[in-house]
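# Working through the structure, step by step
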Amino acid sequence: MIIAERKPLEQILAMLSPDQKIAVLGCGTCVTVCMAGGQKEAEELAALINIYRKKEKQPGSAEAFTIERQCEFEFIDQVAERLKSYDLILSLACGVGVQTMVERMPELLVIPGLNTKSMGYPVAQGVWVERCLGCGDCVLELTQGICPITRCAKSLLNGPCGGSAEGKCEIGKEVDCAWHLIHDRLARLGRLAILAAVQPPKDWSSSHHGGPRTIVREDVKIDRGE
Amino acid sequence: MIAGSKLEKVIAGGHFAVTGELGPPKSADLTQLRHHAEAMRRHVEAYNLTDNQTAIVRTSSIACGAVLIQMGLEPVIQMTVRDRNRICLQSDLLGAVALGAKNVLCLSGDHQKFGNEPAAKGVFDIDSMQLIKALKDMRDAGKFIGGEALEHPLEKVFIGAVENPFADPFAYRVDRLEKKINAGANFIQTQCIFDLERFKKWMELVRERGLHKRVAILGGVTPIKSLGAARYMKNNVSGITIPDELIARLQGAENKKAEGLKICIETIQQLKEIEGVAGVHIMAIAWEEVVPEIVERAGLYPRPPV
């Protein structure tokens, strides 16, 4: 899922004008699960903004509500009229949600309340880890399920660099060396020989470096008879 | 003979090679770099010029290499994959060769978080293994990574790589060396050797596979200037391990500098005795002036004429 984190309150407050009527719009999918932008967090943030406004004697107000997904037109459309009644939408969706909102309703002012961090999963309560960079050309077959593009700080494809020590990455003792993990896993599976081949340079054109990526699938398109 | 560099000739002649290291400055004033280079002119075959080492912005290794060439000295141009994509790396290699460089050393590069621009975007378009292969293909097959041919054959370069016998997983460190040789490495520089026992163990594995016959291995050494420096390297420099005994030995010494020097010289003397070690790479970081003394006291002076 997509993992996000709320921006610092001071930063959010700095983006607001004193008299704006604001909708703090939660998103009911990924960011709800990672406890950054669901209904609960939207309500909390709206309350914090209202407390601040009261203290600063500002006329504006903030209200919280949530839609299932800000990254799909159909859910945005369901609340379109309500959204138009606000001066500003403080979106607690990921960066995709914010942009989908703007594309669907260009007349709205939408700002992000979250920093979108990564694609990953909760490894323990309150701990989310990154596992995929969306490089567009998956190499997990080579490394038996551990992604060096995401988890190696240098995205190496040919084994650990000289900074790998006692299973940890040179960037910090709290970071596992991805290639150490891969090496151990392949050793256990009896597949270390895979690492002997020099992997060629990766084709980054399938990643963001090729520009924004679009997938078009004719087989699932709805034929509108045009 | 591949490139016919002085370094390659000394190695090919069966002599124990000596290289030094020069760190370009955080300015465009190369006076001190020239001075250090001049001071070890008769003591080393070639000079490594580091490439923004520890991710700190410095004068480029190629520019400094060109200055050394003007001085009639031989550079080993370090190239990391941290700051440049494949377009720039290949272009810079062409530039380095055009300026007369005959030795190039390929590395990953310390992560940008260690340097003075920690907010920098790390490039890592290709890795060090792929850089070795790319240089070899440019040199031997006359082809760029993308497959296009060079317009003219490249002047030959002696391709170097690094290996760190002190990094983990230990078993993989020999596999990785072999992989680098297969990718095209002609010579190898190791990370600073303080843990000789571990280095010897690594060399044993290297010899078991006959890898020392396929590549020239230069052992890396660093004279330790102070106890603080030793502790700093032990705890803060990625890829370096310093055994506690060595720290204790320095601690017990009255004159730390003299002891640090002695340890370095002893290490070189031991390296000379290890089968398969083709030379030494002296990294006297911020202590360059001591290199001639190390070379002389280690019994490596005068250098063989080539």
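Since this is a predicted model, take the numbers as computed values, not measurements.

Definitions and limits used
Residues numbered from 1 in each chain as written. Chains lettered and ligands numbered in written order. Predicted model: local features only at pLDDT ≥ 70, side-chain atom pairs only at ≥ 80, totals over all residues. Helix = DSSP H or I, 4+ residues; strand = E, 2+ residues; numbered from the N terminus. Rg over C-alpha atoms; globule rule 2.2 N^0.38 Å. Buried ≥ 20, exposed ≤ 12 C-beta atoms within 10 Å, placed from the backbone. Contact = placed C-beta atoms within 7 Å. Nonpolar A, V, L, I, M, F, W, Y, C, P; charged D, E, K, R; others polar. Domains from an automatic or database assignment. Axes fitted to C-alpha atoms, helices over the stretch in contact; angles between N-to-C directions. Parallel < 35°, antiparallel > 145°, perpendicular 65-115°, else oblique. Left-handed = near helix turned anticlockwise from the far one by under 90°. Pairing = 2+ DSSP bridges. Right-handed = clockwise from strand over helix to strand, strands pointing away. Core = buried A, V, L, I, M, F, W, Y, C linked by C-beta atoms within 7 Å. pLDDT = per-residue confidence, 0-100.

### Description of the overall build of chain A
Each helix and strand counted, chain A has 8 helices and 9 strands in total. For chain A, whose C-alpha radius of gyration is 22 Å, the value lies well above the compact-globule estimate of 17 Å for 226 residues. The C-alpha extent of chain A, read off along each of the three principal axes, is 65 × 55 × 25 Å. Looking at chain A residue by residue over its 226 residues, the buried ones come to 36%. Sequence separation of at least 24 residues holds for 57% of the intrachain contacts in chain A that already meet a minimum separation of 6.

### A closer look at the interface of chain A and chain B
Opposite the 25 residues of chain A that make contact, chain B presents 27 residues. Here the residues of the side of chain A that touches chain B are counted per class, giving 13 nonpolar, 9 polar and 3 charged.

### Section: the domain arrangement of chain A
Under the domain assignment used here, chain A contains domain 1 (2-118) and domain 2 (133-198). A C-alpha centroid distance of 38 Å is found between domain 1 of chain A and domain 2 of chain A.

### Examining the packing of helix α9 (residues 244-252) of chain B against helix α10 (residues 256-273) of chain B
For any two helices packed against each other, one specifies the crossing angle of their axes together with the interaxial distance. All names here are of chain B. Packing of α9 against α10 leaves a shortest axis separation of 8 Å and a crossing angle of 140 degrees. Judged on the interaxial angle alone, α10 and α9 are oblique. For the pair formed by α9 and α10, the contact residues are Leu246, Arg249 and Leu250 on the first element and Lys256, Glu259, Gly260 and Ile263 on the second.

### Considerations on the environment of B:Asn186
Residues and elements named next belong to chain B. Checked against the element boundaries, Asn186 lands in the loop between α6 (170-183) and β6 (187-192). Given 23 C-beta atoms within 10 Å, Asn186 falls into the buried group. As for Asn186 and Gly160, which are separated by 26 residues in sequence, their C-alpha atoms are 5.7 Å apart. In this structure, Asn186 is in contact with Ile2, Phe158, Ile159, Gly160, Val215 and Ala216, ignoring residues within four places of it in sequence.

### A look at the packing of α6(B) against helix α7 (residues 196-208) of chain B
All names here are of chain B. Running from amino to carboxyl end, α6 crosses α7 at an angle of 50 degrees, the nearest separation of the two axes being 10 Å. With respect to α7, the axis of α6 lies oblique. Remark: the crossing between α6 and α7 carries right-handed chirality. Contacts between α6 and α7 involve Arg173, Val174 and Leu177 from the former and Trp202, Leu205 and Val206 from the latter. Per-class residue counts for the contact of α6 with α7 are 5 nonpolar, no polar and 1 charged.

### Quick look at the sheet that holds β6(B)
Residue and element names in this part refer to chain B. What the 8 strands build is a closed barrel, ordered β1-β2-β3-β4-β5-β6-β7-β8; its pairing is parallel. Between one strand axis and the next, the sheet turns through 30 degrees on average, direction left out of account. Where strand β4 (residues 103-107) lies against strand β5 (residues 158-163), 4 bridges are found, and the strand directions are parallel. Looking across to β5, one finds that Leu105 is bridged to Gly160. Seen against the sheet, α10 touches β7 (216-221) and β8 (277-282) and runs at an angle of roughly 165 degrees to β7.

### Remarks on the sheet that holds strand β3 (residues 61-67) of chain A
Strand pairing in a sheet is mediated by backbone hydrogen bonds. Such pairs are either parallel or antiparallel. All names here are of chain A. Pairing is parallel in the open sheet, where 4 strands are placed in the order β3-β2-β4-β5. A strand with exactly one partner marks an edge of an open sheet, and here the two such strands are β3 and β5 (110-112). Neighbouring strand axes in the sheet, compared pairwise and without regard to direction, differ in orientation by 25 degrees on average. Both strand β2 (residues 21-27) and strand β4 (residues 88-91) contribute to a ladder of 4 bridges, which runs parallel. Paired with Ile22 across the strands is Leu88, a residue of β4. On the sheet, helix α3 (residues 39-55) packs against β2 and β3 and is oriented at approximately 175 degrees with respect to β3. Docked against the sheet, helix α6 (residues 95-104) engages β2, β4 and β5, running at close to 175 degrees with respect to β5.

### Observations concerning the environment of A:Ser61
Residue and element names in this part refer to chain A. By secondary structure assignment, the location of Ser61 is in strand β3. Sequence-wise, Ser61 and Ile22 are 39 residues apart; in three dimensions their C-alpha atoms are separated by 6.1 Å. Every residue in contact with Ser61, bar those within four places of it in the chain, is listed here: Lys21 and Asn50.

### Brief notes about the pairing of strand β2 (residues 46-49) of chain B
Residues and elements named next belong to chain B. Here β2 shows two buried faces, one formed by Ala46 and Asn48 and the other by Tyr47 and Leu49. Across 4 bridges, strand β1 (residues 17-22) lies against β2 in parallel orientation. Within β2, the residue paired with Leu22 across the bridge is Leu49. With helix α2 (residues 31-39) bridging β1 and the parallel β2, this β-α-β connection has right-handed handedness. Bridge count between β2 and strand β3 (residues 75-80): 3 bridges; the pairing is parallel. Its bridge partner being in β3, Leu49 is matched across the sheet by Ile77. Taken together, β2, helix α3 (residues 61-70) and β3 constitute a β-α-β crossover, and its handedness is right-handed.

### Digging into the nonpolar core
With 93 residues, the main nonpolar core has B:Val104, B:Cys106 and B:Leu135 as its most contacted residues. In this view, B:Leu135 contacts B:Leu93, B:Val104, B:Cys106, B:Val157, B:Ile159 and B:Gly184; residues no more than four positions away in its chain are not counted.

### What about the confidence of the model for chain B?
Detail in the predicted coordinates should be disregarded across regions flagged by low pLDDT. For chain B, per-residue confidence averages 97 on the pLDDT scale, and residues scoring 70 or more make up 100% of the total. Here the predicted complex carries an ipTM of 0.94, next to a pTM of 0.95.

### A word on the environment of B:Ala229
As for its position among the elements, B:Ala229 is in helix α8 (residues 227-236). Spatially, the C-alpha atom of B:Ala229 lies 10 Å from that of B:Ile247, the residues being 18 residues apart in sequence.

### Considering unusual backbone geometry
Residue B:Pro169 is bonded to the preceding B:Asp168 through a cis peptide linkage, with omega at -15 degrees. Following the sequence through the fold, B:Pro169 ends up in the loop between β5 and α6. Cis geometry marks the peptide bond from B:Tyr301 to B:Pro302; its omega dihedral reads 0 degrees. By the element assignment, B:Pro302 lies in the segment after α11 (291-297). Positive phi, normally seen in glycine, also occurs at A:Met35, with a value near 55 degrees. Secondary-structure assignment places A:Met35 in the loop between α2 (30-33) and α3. One non-glycine residue, A:Glu166, lies in positive phi territory at about 50 degrees. Relative to the helices and strands, A:Glu166 resides in the loop between α7 (148-151) and β8 (168-169).

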